[in-house]
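Observations on chain architecture
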Amino acid sequence: MNAAAAPDLERDARDLRRGTRINLLGYGLRLLYPLLTGVVVVLYGRREFGLFVAAQAALLVALRVCLAGFDKAILWWVPRQPPGQERHGLAAALLWVLCASTLAAAAVAAFGAPTLAAWSGDPAAAAPLRWMTLGLVPLALMELLVHACLGRRRLEAQVLVKEGLGAAALPAAAVLLWFAGARQNGLAWSFTLANLAALGGAAWLFHRSFPAPSVAVSRALPRPLVRYALPMGLMELLNSALLRLDVLVLAALTDPATVGVWGVVVQVGNAVRSVRSGFDPLVLAIVSQIHARPDPARLRAAFSRATALVLATQAPIYAFLVAFVPWLLPLLGEGYAAAATPVLVLCAFWVLHGAFGLHGLIVLGYGRSGLAAANVGATLVVETLLLLLLVPPLGLAGAALAVGLAFTIQNVLWTWQARRLTGAWPYDPALRPVLAALAAAAAAMLAAWLIAWPAGETVARVGAFGAFLLTGAVGWLRLHEGSLRHALL
């Protein structure tokens, strides 16, 4: 390692450690979200929640249209700017998003609301969606400001603003509104209120994260930013459609109650998936900076740290779900016990996604947003075919398989492309002991389950999860004692 690279490596390690601490705080919010969602389902009922899920899916697709990729492009753009010019291009991007989101909200209110009412068979279903469109403008502006802060490696924007004020506040507000008597439009109003609160938080953090420009900067959209944003806009539009495709297909093939159950499956799955996505902005900012000033050793070190931290955090969450989801889901009411198998299947794929999906950040950090759009488009086609093939015979389990297999194929594409772009695998040998420790913890959980099963299901489930935690903790402590103490932590 040369002396010039040492400060960058130390900064990357320090930021990843800080990001891990912030994410640990965020895991409480991520776990709180599905719990509050369960309360919302119980209060409002499966049908009302199913209508809300369908309306939210439509609005999130519209969000991708009006953002036009500028949110992700800003995340790539900010780390590449010279000191004092980090705000370059941001004012023009904000103006674009403000105008586009206003038009998109008007279009959804005019044309989307009657469509939702026709699907549900209830003309009154149009009113909640129209209320929800009021939250589209603050949601779009919040997304842009959050990604600008993430470009400055301020992970608080993701965890506290987007996932705290933006996401967890939504079901919390819905519960409060229900008890306040707003039972018809409570879900819709909570969507708008949560996004307004998140926009205020994002604006405050943006002001703290960006110093005043040291030199005059142009307020026009920079051409490199636009060139990166346009394919990213297509990718994000396709990705938004991809993430809601399961809901739309299930809505076409089943009924609102089934869509409501699937909404719970997705929310629990997001608790696992969001562990990886919580590291995405920080890793992308690091990779983008490395690409601007190439340093293969720095890339391997940062990528291996991120992979180890993601896996070490996802694994205990999935072990908890394996042990206790069959107990927890029936508490939501009749019909939810059948969601246990889909939850475990989908979350298993999200663990694999956490291990290999980080390769996509190398592709994006190297500026290849066109490849990213092609990958998501291919995944959209594959998932559509798999959903149509697997949902009729297998129901929600088929939907979980379809989503998981489609994203596995996407991860194969990301991995191959990242290898081609860098010319080498972005791992160092320090990752091997982490994988060995996780494998030992999984084996201990399985062994404890089999040994304790004759004593009863409760003993087996609690004992298996305890064995996983104990073995994993011992392995992690041994890593602390070895050479990985400084490298990973």
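If you're wondering where the values come from, they're calculated on a predicted model, not measured in any experiment.

The helix and strand inventory of the protein chain stands at 18 helices and zero strands. Burial statistics for the protein chain: of 489 residues in total, 55% are counted as buried. Residue pairs at least 24 apart in sequence account for 84% of intrachain contacts in the protein chain once pairs closer than 6 positions are excluded. Element-wise, carbon and sulfur atoms account for 70% of the exposed surface of the protein chain, whose accessible area totals about 20,000 Å².

Our next topic: the environment of L248. Secondary-structure assignment places L248 in helix α9 (residues 223-253). Remark: the alpha-carbon pair of L248 and V259, spanning eleven residues in sequence, is separated by 8.8 Å.

Bringing the packing of helix α6 (residues 136-151) against helix α7 (residues 156-179) into the picture now. Two elements in contact, α6 and α7, have axes whose closest approach is 9 Å; the angle formed by their N-to-C orientations is 155°. With respect to α7, the element α6 is oriented roughly antiparallel. Every residue of α7 that contacts α6 at M142, E143, V146, H147, C149 and L150 is listed here: A157, Q158, V161 and K162. Looking at the contact of α6 with α7 residue by residue, the class counts come to six nonpolar, two polar and two charged.

Another point: the nonpolar core. Counting residues in hydrophobic clusters, the biggest one holds 131 residues, and the most contacted among them are L63, I74, W262 and L329. Sorting elements by how many residues they give to this core places helix α10 (residues 256-292) first, with 15 residues. Sequence-distant contacts of W262, defined by excluding residues within four places in its chain, comprise D246, V247, L250, P342, L346, L396, A399, A400 and V403.

Moving on, we come to the packing of aromatic side chains. The tally for this structure, following the rule as stated, stands at 13 aromatic pairs. Ring geometry for F320 and F324: centres 5.1 Å apart, planes at 55°, overall tilted. With F320 and F324 both in helix α11 (residues 296-328), this residue pair falls four residues apart, about one helical turn. On the basis of relative accessibility, which here comes to 33%, the residue F320 falls in the partly exposed class. Centre to centre, the rings of W449 and W453 are 6.3 Å apart; their planes meet at 10°, and the pair counts as stacked. The structure contains a cluster of three or more aromatic residues connected by ring pairs, namely F320, F324, W327 and F465. The residue whose ring lies beneath R152 is F210, and the NZ or CZ to ring-centre distance is 5.8 Å. For R419, the ring lying beneath its charged end belongs to W425, and the centroid distance is 5.5 Å.

So, about the packing of helix α2 (residues 46-67) against α9. Interhelical geometry of α2 versus α9 gives an angle of 170° and a closest axis separation of 8 Å. Of the possible angle classes, the one that applies to α2 and α9 is roughly antiparallel. Residues V53, A57, L60, V61, R64 and V65 of α2 touch α9, and the partners they reach there are E236, L237, S240, A241, R244 and V247. In terms of residue class, the contact of α2 with α9 is built from eight nonpolar, one polar and three charged.

This part is about the pattern of salt bridges. Inspection of every chain in the model, using the stated rule, returns four salt bridges. Of the charged contacts, one joins E143 and K162 as a salt bridge, the two residues approaching to 3.3 Å between their closest N and O atoms. Taken together, the residues E143 in helix α6 and K162 in helix α7 connect sequence positions 19 residues apart. Between R154 and E156 there is a salt bridge, and its shortest N-O distance comes to 3.2 Å. The buried category is assigned to E156, whose relative accessible area is 13%.

You will see that A68, though not glycine, has its phi angle at about 55°, which is positive. Looking at where A68 falls in the secondary structure, it is placed in the loop between α2 and α3 (70-77).

Within the secondary structure, T307 sits in helix α11. Owing to a relative accessible area of 2%, T307 belongs among the buried residues under this scheme. If near-sequence neighbours (up to four positions away) are discounted, T307 is found in contact with A355, L358, Y427 and L431.

In this model helix α15 (residues 396-422) runs 39 Å from its N-terminal to its C-terminal C-alpha over 27 residues, within 8% of the 39 Å that 1.5 Å per residue would give. G423 sits one or two positions beyond α15 and adopts a positive phi of about 80°.

A separate point is a nonpolar patch on the surface. A cluster of nonpolar side chains, W131, L134, W189, L193 and L196, forms an exposed patch at the surface whose accessible area comes to about 490 Å². The element best represented in the nonpolar patch is helix α8 (residues 186-209), accounting for three residues. Its place among the elements puts L134 in the loop between α5 (126-133) and α6.

Mapped onto the secondary structure, Y318 falls in helix α11. Once the C-alpha coordinates of Y318 and V351 are considered, the two residues, 33 residues apart in sequence, prove to be 7.8 Å apart. Those residues in contact with Y318, other than ones at most four positions away along the chain, are L344, C347, A348 and V351.

This next bit is on the confidence of the model for the protein chain. Predicted confidence across the protein chain gives a mean pLDDT of 81, with 87% of residues reaching 70 or more. The least confident element of the protein chain is helix α18 (residues 484-488), whose mean pLDDT is 44; the most confident is α15, at 92. Segment residues 483-489: pLDDT under 50, and 19 contacts once partners within four positions in sequence are set aside and those in other chains are kept.

You can see G38 is positioned in helix α1 (residues 5-44). Overall, G38 belongs to the buried group, its relative accessible area being 6%. Residues G38 and L329, 291 residues apart in the sequence, show an inter-C-alpha distance of 8.8 Å.

Scoring rules and cut-offs
- Residues numbered from 1 in each chain as written.
- Predicted model: local features only at pLDDT ≥ 70, side-chain atom pairs only at ≥ 80, totals over all residues.
- Heavy atoms only, no water.
- Helix = DSSP H or I, 4+ residues; strand = E, 2+ residues; numbered from the N terminus.
- Buried < 20%, exposed > 50% of the residue type's maximum accessible area, 1.4 Å probe, protein only.
- Contact = heavy atoms within 4.5 Å.
- Areas by Shrake-Rupley, 256 points an atom, 1.4 Å probe, with all protein chains shown as cover.
- Axes fitted to C-alpha atoms, helices over the stretch in contact; angles between N-to-C directions.
- Parallel < 35°, antiparallel > 145°, perpendicular 65-115°, else oblique.
- Nonpolar A, V, L, I, M, F, W, Y, C, P; charged D, E, K, R; others polar.
- Core = buried A, V, L, I, M, F, W, Y, C linked by side-chain atoms within 4.5 Å.
- Phe/Tyr/Trp six-rings, centres within 6.5 Å; stacked < 30°, edge-to-face > 60°.
- Lys NZ or Arg CZ within 6 Å of the ring centre and 35° of its normal.
- Salt bridge = Lys/Arg side-chain N within 4 Å of Asp/Glu carboxyl O.
- Expected span 1.5 Å × (residues − 1).
- Patch = residues over 30% accessible without salt bridge, like charges linked within 9 Å, V, L, I, M, F, W, Y side chains within 5 Å.
- pLDDT = per-residue confidence, 0-100.

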